[in-house]
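# A closer look at the structure
Residue strings, one per chain:
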Amino acid sequence: MSVRPAPRTDRGRLLLVLALAAAVTAFTATVPLLRGFFDLRVYYGTVHTWLAHGGRIYDYRVPGTAYGFTYPPFAALALLPLAVLDRTAAIAASLLVNLAALAVVLRILAGPGWRRHGWYRWSLALCALALFEPLRDTFSFGQVNLVLLALVLADCRLLAAGRNRWAGAGIGLAAAVKLTPALFIGLLLLARRWRAAALAAAVALAATVLAAWADPGASRYYWTEALWDTGRVGRLDYVSNQSLQGVLARLGEPDRAPWAVAVLMVLGVWAWRAGRAAAAGDWAASFALTGAASCLVSPITWVHHLVWLLPAFVVLARAGHPRLAGALYAVLCTSVVWLWFDDASGADGFLGSNAYTWITLGLLLGLPAGQPSALRAFLARSALVTAIAPSPASPATATVPGQSESSSGAGPAVAATGAADAGAAEVARSASSEPTGSTRPAAANPQSSS
């Protein structure tokens, strides 16, 4: 079966991009349900109640639900600008901030040669990433995942470039907003980057102390009670929870001991693989492995948290496996786990309802990491030759920011293989109501994530 060549003229490329954009728009408007900016409603209501009405951060509940703010108190401080906005302006601000964060993420992942890919490849990337379920949900919930990812990847870029003065500050800020990025401080310790680890810990501690000064009661309540109450976030067995804890909960295993064992095993694999990658100067792979591990060990990893897998797809494609990266990425575009929304029993339920967890685990175990710089450069060039069609104008998946509707995230394709040679050069130089289902009716109580 022959494959039709990519269009060679600008007119043909434009027509193809427009056709793909129309198909993506139809898909995002009909297949996944819109989330109604539920998490943004949590942020907005919490800040207004706290600042304007003298309420307490963790007392607020979205009207008609039992769900409220679940992040550390510093996150509420960071969200204070919402207090001067009305709801419409808050939605617009959320979209703009997420688009800006996505642009930063893509710029870092694409490498220094990002301009050479041109409008055509970036447009194809935008269409591909608009299908990525974690990004769709991040935009539609009004979530902060992309901002945290951008902060962490900024440190990755600094470390890879040997610019160590401020490396760690982004990780510290991200860890002060949500606890999961604190695992990246562990990565810095594994890599013996003591200065960066100390800076990250100091920034996180300073932000936490600042929040305690601003509202001592909220800080005391969070660190002594709210942090340990997973019921505030949502049901562990809900199909959107694609963590190890979610897998066990759907099996009906209430005991925490098996989960603790599984977490220790995952952390052991992560420490071994990420440590080797960092020792070899492969910061991209070490950060990608840490993002995957954080999704697995967190008690609750809603689908939109899986934006942390984007760097892993890029690393996989640049290591010479663009087809595998594309296949795994495509699964994360299908919303397949929601087919087992009502019943995850049986072998099919065990495999299907946890599909995203298996992908995350596979990336942790099999992601190419710790290769010598010269070999990484060679593999990246090989990936470029494999991924791009014979025509110089043929498309390659890349990454680009974009957003079509207020609730559907858009952006780059899974793994920027068109940027492989530029990324290789860069690497060589560096020697939380419950979340609604994409294909299901909205849950009665959409869940803000934690």
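Position numbers for residues start from 1 in each chain and track the written sequence from start to end. A pLDDT threshold of at least 70 governs which residues receive local features in this predicted model, and a stricter bar of 80 or more applies before side-chain atom pairs are shown or counted, although totals over entire chains, interfaces and linings include all residues. Side-chain numbers here rest on the full set of heavy atoms in the structure, without hydrogens or water.

## Overview of the overall build of the chain
Secondary structure elements are defined from DSSP: runs of H or I of at least 4 residues count as helices, runs of E of at least 2 residues count as strands, and each element is numbered from the N terminus. The number of helices and strands found in the chain is 20 helices and 2 strands. Looking at the 450 residues of the chain, the share that counts as buried comes to 55%. Accessibility throughout is a Shrake-Rupley quantity obtained with a 1.4 Å probe, and a residue counts as covered only by protein chains that appear here. When the accessible surface of the chain is totalled, it reaches about 18,400 Å², and 66% of it is carbon and sulfur. The buried label applies to any residue whose accessible area, calculated with a 1.4 Å probe on protein chains only, is under 20% of its type's maximum; exposed applies above 50%, and partly exposed to all values in between.

## Notes on the nonpolar core
Residues enter a nonpolar core if they are buried and are Ala, Val, Leu, Ile, Met, Phe, Trp, Tyr or Cys, with the set joined through side-chain atoms within 4.5 Å. Grouped together as the largest cluster of nonpolar side chains are 114 residues, with contacts concentrated most on Tyr43, Phe69, Phe132, Leu135 and Phe287. We call two residues in contact when some of their heavy atoms are within 4.5 Å. In this structure Tyr43 touches Phe69, Tyr71, Leu79, Leu82, Gly142, Gln143 and Val144, once residues within four positions along its chain are discounted.

## Brief notes about helix H2 (residues 38-52)
Taking 1.5 Å per residue as the helical rise, H2 with its 15 residues ought to reach 21 Å, and the 21 Å between its terminal C-alpha atoms agrees with that figure. Buried residues dominate H2, accounting for 11 of its 15 residues. Those residues of H2 that fall on the buried side of the exposure criterion are Phe38, Asp39, Leu40, Val42, Tyr43, Tyr44, Gly45, Thr46, Val47, His48 and Trp50. Close packing links the buried residues of H2 with helix H3 (73-78), helix H4 (87-110) and helix H6 (133-141). Two residues or fewer past H2, Gly54 is found with a positive phi of approximately 70 degrees. Between the first and last residue of a helix there are one fewer steps than residues, each counted as 1.5 Å, and that sum is the expected span.

## Observations concerning the packing of helix H9 (residues 183-190) against helix H10 (residues 194-214)
Axes here refer to lines fitted to C-alpha atoms; in helices the fit is confined to the stretch in contact. Angles between the N-to-C directions go from 0 to 180 degrees. Their axes nearest at 8 Å, the elements H9 and H10 cross at an angle of 155 degrees. Between H9 and H10, the interaxial angle falls into the category roughly antiparallel. The way H9 lies across H10 gives a crossing that is left-handed. Along the contact surface, H9 presents Ile185, Leu188 and Leu189, while H10 presents Trp194, Ala196, Ala197, Ala200 and Ala201. Class assignment for the residues of the contact of H9 with H10 results in 8 nonpolar, no polar and no charged. Here the angle decides the label: under 35 degrees means roughly parallel, over 145 means roughly antiparallel, 65 to 115 means roughly perpendicular, and every other value means oblique. Crossing handedness follows the turn of the near helix against the far one: under a right angle anticlockwise gives a left-handed crossing, and clockwise gives a right-handed one. Gly is put with the polar residues, along with every residue not named as nonpolar or charged; the nonpolar set is Ala, Val, Leu, Ile, Met, Phe, Trp, Tyr, Cys and Pro, and the charged set is Asp, Glu, Lys and Arg.

## Focus: the packing of aromatic side chains
Pairs were defined over the aromatic rings of Phe, Tyr and Trp, the Trp ring being its six-membered one, requiring ring centres within 6.5 Å. Orientation was assigned from the angle between planes: stacked under 30 degrees, edge-to-face over 60, tilted for the rest. Within the structure shown, the criterion is met by 18 aromatic pairs. Aromatic side chains Tyr58 and Tyr222 sit 5.7 Å apart centroid to centroid with 25 degrees between the ring planes, which places their arrangement in the stacked category. With a gap of 164 residues between them, Tyr58 in the loop between H2 and H3 and Tyr222 in helix H11 (residues 216-224) connect regions that are remote in the sequence. For Tyr58, a relative accessible area of 4% gives the class buried. For Tyr222, a relative accessible area of 3% corresponds to the buried category. Measuring from centroid to centroid gives 5.5 Å for Phe184 and Phe287, while their planes differ by 35 degrees, and the two rings are tilted. Of this pair, Phe184 sits in helix H9 while Phe287 sits in helix H14 (residues 283-297), placing them 103 residues apart in sequence. In textbook terms, an aromatic cluster arises when at least three aromatic residues are bridged by ring pairs, as seen for Tyr43, Tyr58, Phe69, Tyr71, Tyr221, Tyr222 and Trp223.

## Quick notes on the environment of Ala212
Along the polypeptide, Ala212 turns up in helix H10. Through-space distance from the C-alpha of Ala212 to that of Phe74 is 8.2 Å; in sequence the pair is 138 residues apart.

## Notes on the pattern of salt bridges
The salt bridge definition used is simple: a Lys or Arg side-chain nitrogen within 4 Å of an Asp or Glu carboxyl oxygen. Within the structure shown, the criterion is met by 2 salt bridges. When the shortest N-O distance is used, the salt bridge between Asp59 and Arg56 registers 2.7 Å. For Arg56, a relative accessible area of 59% gives the class exposed. Salt-bridge contacts for Arg235 lead to Asp237; the nearest nitrogen and oxygen are separated by 3.0 Å. Residue Asp237 is classed as partly exposed on the basis of its relative accessible area, which comes to 35%.

## Some details on helix H8 (residues 169-177)
Most of H8 is tucked away, with 7 of its 9 residues classed as buried. Where H8 is buried, its residues contact H3, helix H7 (145-160), H9, H10 and H14.

## Structural notes on the environment of Thr65
Structurally, Thr65 can be placed in the loop between H2 and H3. Taking relative accessible area as the criterion, Thr65 reaches 17% and is therefore assigned buried. In terms of polar contacts, Thr65 uses its side chain to reach the backbone carbonyl oxygen of Val62, at 2.9 Å. N or O atoms within 3.5 Å of each other form a polar contact, as long as, within protein, one can give a hydrogen and the other can take it, and as long as residues adjacent in sequence are counted only when both atoms are side-chain atoms. Separated by 3.2 Å, the side chain of Thr65 and the backbone nitrogen of Tyr67 make a polar contact.

## Considerations on a nonpolar patch on the surface
Think of a patch as exposed residues, more than 30% relative accessible area, with no salt bridge, where like charges cluster within 9 Å and nonpolar side chains (Val, Leu, Ile, Met, Phe, Trp, Tyr) cluster within 5 Å. On the surface, a cluster of nonpolar side chains totalling about 400 Å² of accessible area is made up of Leu14, Leu15, Leu18 and Trp119. For the nonpolar patch, the element with the most residues is helix H1 (residues 10-30), which contributes 3 residues. Of note, Leu18 is situated in helix H1.

These figures capture arrangement, not role.
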